[in-house]
Amino acid sequence: MAELIAFFSRRDENYVNGMLKKLDIGNTEAAARIIQELTGGELFQIEQMQAYSKDYNECIAQARADQKRDARPELKTWPVSLGPYDVVYLGYPNYWGTMPMAVFTFLEHFDFSGKTIRPFCTHEGSGMGGSISDIRKLCPGARVETGLSIRGGSAGRSKKDIEKWIGKER
Ligand SMILES: Cc1cc2nc3c(=O)[nH]c(=O)nc-3n(C[C@H](O)[C@H](O)[C@H](O)COP(=O)(O)O)c2cc1C
């Protein structure tokens with residue numbers, strides 16, 4: 001069974017357990033890599049043509065503005081096709097209560113009918129927020145599972161939780 005692990009993640013300055021830190025690998029990327037290791041699936045990073053600022057506060061403002069105007073930021077690259085994949089692990093940070101708008105761009109681009117989407121979300125306290133119902137709206141033909149929320153600062157140490165989640169969903 002072919003599996004895709006599509007994720008959005010931002011390196012650089014970020015809040016981790018109440019402190020600003022520069023991350024070399026984003027939290028969601030750390031979780032995505034663990035899923036890759038456990039499933040052997042294919043990794044794909046959802047990247048905006050114009051990335052948000054490396055500066056945390058600027059990024060916060062940009063992402064907020066994009067959400068307010070319901071933007072669909074253009075993406076840098078795309079997977080050629082979703083055809084080969086039955087299961088799509090979809091990873092993203094919680095941005096203002098849901099997914100970054102680039103993930104909306106990604107989900108709208110493809111027909112997910114008949115596919116299973118397994119969302120995983122890193123956050124600093126608000127869990128999955130409204131993301132699951134947003135994914136269901138964007139991908140009406142897909143089977144969208146409840147998903148896994150991971151505290152951002154512990155993403156790199158969440159292998160056990162991820163393993164349990166993957167095992168349960170399979
Ligand atoms: C623009 C922006 C908005 C955020 N909004 C929320 C939020 O509403 N709730 C929350 O719990 N965390 C929020 N966070 C924290 C991130 O979800 C968290 O740090 C996440 O792990 C970052 O993932 P990444 O390193 O893969 O980009 C926000 C972070 C940013 C940069």
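A. Inspection of the site of the ligand at higher detail. Near the ligand there are 22 residues, and of these Ser9, Thr28, Asn94, Thr122 and Ser126 occur at the shortest range. Here glycine 97 contributes a backbone N or O atom positioned 3.2 Å from an oxygen atom of the ligand. Contacts to the ligand include serine 126, whose side-chain N or O atom sits 2.5 Å from a nitrogen atom. Counting residues per element, the ones that place at least two in the shell around the ligand are strand S2 (12-16), helix H1 (27-39), helix H2 (56-68) and strand S6 (116-123). Looking at the shell around the ligand element by element, the count peaks at 4 residues for H2. When the residues that make up the shell around the ligand are grouped by side-chain class, the tally is 8 nonpolar, 12 polar and 2 charged.

B. A look at the packing of aromatic side chains. Evaluation of the coordinates by the stated rule reveals 10 aromatic pairs. Consider the rings of tryptophan 78 and phenylalanine 110, whose centres lie 6.0 Å apart with planes at 75°: the pair is edge-to-face. Of this pair, tryptophan 78 sits in the loop between H2 and strand S5 (87-93) while phenylalanine 110 sits in the loop between helix H3 (101-109) and S6, and the two are 32 residues apart along the sequence. Under the relative-accessibility criterion, tryptophan 78 is labelled partly exposed at 32%. Looking at phenylalanine 110, the relative accessible area reads 15%, which means it is buried. The interplanar angle of 75° and the centroid separation of 5.6 Å between the aromatic rings of tyrosine 89 and tryptophan 165 together place this pair among those described as edge-to-face. Residue tyrosine 89 is located in strand S5, and its partner tryptophan 165 is located in helix H5 (residues 159-169); the two are separated by 76 residues in the primary sequence. Across this residue pair, the class does not change: tyrosine 89 and tryptophan 165 are buried.

About the thresholds
Residues numbered from 1 in each chain as written. Predicted model: local features only at pLDDT ≥ 70, side-chain atom pairs only at ≥ 80, totals over all residues. Heavy atoms only, no water. Near = heavy atom within 4 Å. Polar contact = N/O pair within 3.5 Å; in protein donor to acceptor, adjacent residues only side chain to side chain. Helix = DSSP H or I, 4+ residues; strand = E, 2+ residues; numbered from the N terminus. Nonpolar A, V, L, I, M, F, W, Y, C, P; charged D, E, K, R; others polar. Phe/Tyr/Trp six-rings, centres within 6.5 Å; stacked < 30°, edge-to-face > 60°. Buried < 20%, exposed > 50% of the residue type's maximum accessible area, 1.4 Å probe, protein only.

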